[in-house]
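Overview (structure and organization)
The primary structure of each chain is shown beneath.
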Amino acid sequence: MTAAPAEAGDQAIAAPAGGNDEAAEVILRLDDVHTYYGSIHALQGITVDLRQGEIVTLIGANGAGKTTTLKTISGLLHPRQGTVHFRGADVSRRAPHDLVKDGISHAPEGRRIFSRLTVLENLKMGGYTRRPAEIREDLSRVFELFPRLFERANQKGGTLSGGEQQMLAIGRALMSRPAVLLLDEPSLGLAPILVQQIFRIIQEINAQGTTILLVEQNAQQALAIAQRGYVLQTGRVILADSARGLAANEDVRRAYLGEI
Amino acid sequence: MKAQNRRNAALAALVIGAALIAIGYVVGLPPVVFVGALFTAGCAALLQGEHRSLTIVAGMLTATALLPVIVLIQPFSTFSSQNLWIDGFSIAGIFVLLALGLNIVVGLSGLLDLGYAAFYAIGSYTFAFAASSFTGLDFPFWPMLIAGAISAAVFGILLGAPTLRLRGDYLAIVTLGFGEIVPIVILNSSKYTLGPNGIGGISRPEIFGFEFPIQNPWPFYLAMVGIVTITMILIYRLQDSRLGRAWMAIREDELAAASSGVNTVTTKLLAFALGASTAGLAGVFAASKLSVVTPNLFRFDVSFTVLAMVVLGGMGNIWGVAIGAFVLYTIQSVILKQLNQFFAAADVPFLSSIDFIEYQFLLYGIALVAMMLLRPEGLFPSIRRKRELHVDDAGEGPTTTADAMGAAPQ
């Protein structure tokens, strides 16, 4: 697979790519990525690609390397071997704050909102790399997606409910206007009705043109909204297919969708 | 419209107050000074925190005018003469500067620095080298204020660059070590620093060709007030800036701050450098004020005292930290001494045999523990921190700021 021409596509152009639209440009590509925590070989050669406008999901058990993969993409960790290409450029060594400017935004696992700052301040921090006029525009976009955050704008992040905090974490990640949004376990610990809501919003964000890489324990839901998926096991991709294909796969059903 | 009127009234009050204060001092009528101070205090109240730089000027003017008059009143006037009080206030100002600087590092950015006195030492020795009979150089004071700040900032960056990747306790240990190393190096390189004797004969500031006199404490007092006022305004601006928000984000969650696009390395380095430069400023002033610097002035107890000032005053709140530093220094240098004499004179059985100055750190320790238990936000907390620590009564309800941002949904 050759890197697509680095035509820095405006995220607005690409409509959500349905199914396996091979024509869409590959915006992010991990090529044989090996990442270590000290001497622990966490990612053992991961190859994943994301096309413009897709929702792609990574599923797998705890410790399979899903979070590590996201951290490697967003620059919080660097691969010891292999490369990460974003819009055709090698970004394996770039710092997280530079990658935010490039257009990769990461809503980390466990929400990690600034609990002692207000909702509004949290969102403004998300727009740290942007100009004031752009921040204002992005704020209204986030408030449109999450009217709940608007109601609570002056409340401390830490006083929000779990679902609201998750909305805030996603909203904050959106404030940098990313081309690619990395979501780590957005449904973790939420009531089923909230899970539905979060997934609907993820689809909406995607429909507005943001490419999404979604890590989820809730594989069923994730496969329902994704176009494609990768199954990770002990730091390796063991299966890559369309979301429909994975949902129909016997092994996947047994291991991750709770069917015996 | 209404805000405009209030601002004009505040400005008028400030001008009238300043004029009255000046007249009061020139003709030597304390009541006139009092009335003037009422006007400047009124100015600060009218502004209601809307125009912070002006509020700081008005507040500092009120304090500057009132302090020398208050010490003429009974209980204070028995402690020492007005001149001695004023002399003490300018040294208290040094600690206010130190606390304001440490507040950037500890209060805003959440980086625990236990060796802060090292930067104070570097500022002091910078001026001692640049303007004393020992080196024979005589650089002027005012530019050296900036130079001292810069040299301390450089050392802040040198220390910070390799160590700021450490977190919490580990950073505290490294800074503690640095705080020990600097005075020891000064002590042992006696060829350049005269070791334990210190460098004496340091120049005093000049203004329009007139050197600050030794006998009269007023020039130092006023110069200190000016420096503190400017520093406070600058720090307020910083706190409200994009950089200030990045500091708070790092204090809250460094990983999330990085994911939001904050360059955590340079942001933390800036906190260290700016904190250090404030200490450098204080150091230059102290060297000139005391005219002698010795390694003893910069030992761990200074770092600890300043940290106690920041915590007691209310971490993160500039006025709180400034007042905390001022009050604590005054208690330490004046009240404790007086307590000794007072109890000795009154011949109180147990208390008369205690040297309160010796127990100063015990008292600090008790005060800090009591503080953490009873009022963790400090004596004068920032509104933010108060809300943080008393979540039950945290304000809810609809937003006003968001409305102002014009960011309503739809």
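Note that the structure is predicted; figures quoted are calculated from it, not measured.

Our next topic: unusual backbone geometry. Residues and elements named next belong to chain A. The backbone of Arg111 sits at a positive phi, close to 70°, despite the residue not being glycine. Examined against the element boundaries, Arg111 turns out to sit in the loop between β6 (104-107) and α3 (119-126). The phi angle at Thr234 is positive, at roughly 40°, despite the residue not being glycine. Counting through the fold element by element, Thr234 comes out in the loop between β9 (228-233) and β10 (236-242).

With that settled, the discussion passes to the sheet that holds strand β1 (residues 26-37) of chain A. Residues and elements named next belong to chain A. Within the open sheet, the 4 strands sit side by side as β2-β1-β4-β5. Their pairing is antiparallel. At either margin of the open sheet sits one strand with a lone partner, and together these are β2 (40-51) and β5 (89-90). One ladder, built from 5 bridges, connects β1 with strand β4 (residues 81-86); its direction is antiparallel. Bridge pairing in β4 places His34 opposite Gln81.

Residues and elements named next belong to chain B. Taking 1.5 Å as the rise per residue, helix α10 (residues 218-240) with 23 residues should run 33 Å; its terminal C-alpha atoms sit 33 Å apart, in good agreement. Looking at α10, one finds that the buried residues are Phe220, Tyr221, Ala223, Met224, Val225, Ile227, Val228, Thr231, Met232, Ile235 and Gln239. At its buried positions, α10 is contacted by α3 (52-70), α5 (82-108), α11 (242-252), α13 (264-290) and α15 (318-346).

Our next topic: the domain arrangement of chain B. Here chain B is described as being made up of domain 1 (1-75) and domain 2 (83-387). Relative placement of domain 1 of chain B and domain 2 of chain B: their C-alpha centres are 27 Å apart.

Below, the discussion takes up the pairing of strand β3 (residues 55-60) of chain A. Residues and elements named next belong to chain A. For β3, the tally of buried residues reaches 6 of 6 residues, placing the bulk of the element in the interior. The side-chain alternation of β3 yields two buried faces, one formed by Ile55, Thr57 and Ile59 and the other by Val56, Leu58 and Gly60. One ladder, built from 5 bridges, connects β3 with β9; its direction is parallel. Looking at the pairing, Val56 lines up with Arg228 of β9.

Looking now at the sheet that holds β10 of chain A. All names here are of chain A. The strand order across the open sheet formed by 6 strands is β6-β7-β8-β3-β9-β10, and the pairing between neighbours is mixed. Strands with a single pairing partner mark the edges of an open sheet, and in this sheet they are β6 and β10. When strand polarity is set aside, the average angle formed by the axes of neighbouring strands in this sheet is 15°. Where β3 lies against strand β8 (residues 211-215), 4 bridges are found, and the strand directions are parallel. Bridge pairing links Thr57 to Leu214 in β8.

Two quantities define a packed helix pair, namely the angle between the helix axes and the distance between the axes. All names here are of chain A. Direction vectors running N to C along α3 and helix α6 (residues 162-174) enclose 35°, while the axes themselves pass 7 Å from each other. α6 is crossed by α3, and the crossing has right-handed handedness. On α6, the residues touching Val119, Asn122, Leu123, Met125 and Gly126 of α3 are Leu168, Gly171, Arg172 and Ala173. In terms of residue class, the contact of α3 with α6 is made up of 5 nonpolar, 3 polar and 1 charged.

In this section: the confidence of the model for chain A. Mean pLDDT over chain A stands at 87; residues scoring 70 or higher make up 90%. Taken as a whole, residues 1-21 of chain A scores under 50 in pLDDT and shows 37 contacts with residues more than four places along the chain or in a different chain.

The next thing to look at is the confidence of the model for chain B. On average, chain B scores 83 in pLDDT, and the residues at 70 or more come to 92%. Across the whole predicted complex the pTM is 0.83, and at the interface the ipTM reaches 0.84.

So, how was this worked out
Here the residue numbers are simple positions, counted from 1 along each chain's written sequence. Key to labels: chains lettered from A, ligands numbered from 1, both in the order written. Given that this is a predicted model, residues contribute local features only at a pLDDT of at least 70 and side-chain atom pairs are listed and counted only at 80 or more, while totals for whole chains, interfaces and linings are drawn from all residues. A helix here means a DSSP run of H or I that spans at least four residues, while a strand means a run of E at least two residues long, and both kinds are numbered starting from the N terminus. For two strands to be treated as a pair, DSSP must find no fewer than two bridges joining them. To estimate the expected span of a helix, subtract one from its residue number and multiply by 1.5 Å. Here a residue counts as buried when 20 or more other C-beta atoms fall within 10 Å of its C-beta, as exposed when 12 or fewer do, and as partly exposed in between; the C-beta atoms come from the backbone. Note on contacts: residues are paired as contacts if their backbone-placed C-beta atoms lie within 7 Å. Note that domain bounds follow an automatic or database assignment of domains. Where helices are involved, their axes are fitted lines through C-alpha atoms of the stretch in contact, as for all axes, and angles between N-to-C directions lie from 0 to 180°. Throughout, a crossing is termed right-handed when the near helix is turned clockwise from the far one, and left-handed when it is turned anticlockwise from it by less than a right angle. Each residue gets one label: Ala, Val, Leu, Ile, Met, Phe, Trp, Tyr, Cys and Pro are nonpolar, Asp, Glu, Lys and Arg are charged, and the others, such as Gly, are polar. pLDDT expresses how confident the predictor is about each individual residue, on a scale running from 0 to 100.

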